[in-house]
Amino acid sequence: MSLRLAARLSLPCPSLVRTLVNRAAQRPVPPPRGNIATPTDFLKAIGRSAETKLTPESWEQLFHTDGHQLRKAGLSVEDRRYILWSVEKFRQGLEPSEFAHPPKPAKKIRGRGPSVQNGKKLRSRRHR
C-alpha cells in the first residue's frame, strides 16, 4: 500500500486513543487578583468547604492539578468537577463571587411519571 493511500484512509477515521497529557499544566497560570492571594483564599471563595478537602502548596500547583491527582487525594466526583470548573472560570477572568454556587439540593420525591404527580403518590383506583 502506498503512503498516499494510507494517508487518505486514515483521515476520515478519528483517533480513538485518549491522550494522557495533563492539559492543565500546559495552560497559563493567572496571577492572584482582588482579595484572593493564596490557593486557600481561592478555595474558601468558591465554597462547598473545598479548603478542607484540598491543600495545594502553591498557586501553580493548584492550577496544574488535574482530575487524576484530585482522585488520588480522595475527592468525590462532584467535588472534583466543581473545583476544576472553578479553576477554569478563574483562569478565564471571572471572579469567584460571579460563578460560585451552592451544591444541588437532594431530591425529595423519587421517580417520575404518572405514579408521582405534584409531590403526592397517586394510588390506583382498583379494589383490593
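Above: the structure in question.
Undergrad: Which residues make up the environment of S86, and what values go with them?
TA: The residue S86 is located in helix 7 (residues 77-91) in this model. Considering only alpha carbons, one finds S86 and A100, 14 residues apart in sequence, at a separation of 7.4 Å. With near-sequence residues (within four places) excluded, S86 lies in contact with F42, I46 and F99.

Undergrad: I'd like to hear about the nonpolar core, residue by residue, with values.
TA: As a rule of thumb, nonpolar side chains are buried together in soluble globular proteins. Within the largest apolar cluster, 16 residues are counted, with the highest numbers of intra-cluster contacts made by F42, L43, I46, L62 and I83. Elements with a minimum of two residues in this core: helix 3 (39-46), helix 5 (59-63) and helix 7. Ranked by residues supplied to this core, first place goes to helix 7 with four residues. With residues up to four places along the chain from it excluded, the contact list for F42 reads I36, W59, L62, S86, V87, F90, P96 and F99.

Undergrad: Which residues make up the packing of aromatic side chains, and what values go with them?
TA: Counted by the stated rule, this structure contains eight aromatic pairs. Centroid distance F42 to W59: 6.5 Å. Interplanar angle 80°. Geometry classified as edge-to-face. Residue F42 is found in helix 3, and its partner W59 is found in helix 5; the two are separated by 17 residues along the sequence. Judged by its relative accessible area of 0%, F42 is buried. Assessed through its relative accessible area of 8%, W59 is described here as buried. A ring pair is formed by F42 and F90, whose centres lie 5.2 Å apart and whose planes are at 65°; its orientation type is edge-to-face. Taken together, the positions of F42 in helix 3 and F90 in helix 7 put the pair 48 residues apart, joining distant regions of the chain.

Undergrad: Tell me what's going on with the pattern of salt bridges, and back it up with residues and numbers.
TA: For the coordinates displayed, the defined rule picks out four salt bridges. Taking the shortest distance from any N to any O, the salt bridge between E95 and R33 comes out at 3.1 Å. Taken together, the residues E95 in the loop between helix 7 and helix 8 (96-99) and R33 in the loop between helix 2 (23-26) and helix 3 connect sequence positions 62 residues apart. Here R33 falls in the partly exposed class, since its relative accessible area comes to 22%. The partner of E88 in a salt bridge is R91, with the nearest N and O atoms 3.1 Å apart. Within this pair, E88 and its partner R91 are both found in helix 7, separated by three residues, close to a single helical turn. Note on R91: relative accessible area 16%, which makes it buried. Connected via shared salt-bridge partners are R27, E88 and R91.

Parameters at a glance
- Residues numbered from 1 in each chain as written.
- Predicted model: local features only at pLDDT ≥ 70, side-chain atom pairs only at ≥ 80, totals over all residues.
- Heavy atoms only, no water.
- Helix = DSSP H or I, 4+ residues; strand = E, 2+ residues; numbered from the N terminus.
- Contact = heavy atoms within 4.5 Å.
- Core = buried A, V, L, I, M, F, W, Y, C linked by side-chain atoms within 4.5 Å.
- Buried < 20%, exposed > 50% of the residue type's maximum accessible area, 1.4 Å probe, protein only.
- Phe/Tyr/Trp six-rings, centres within 6.5 Å; stacked < 30°, edge-to-face > 60°.
- Salt bridge = Lys/Arg side-chain N within 4 Å of Asp/Glu carboxyl O.

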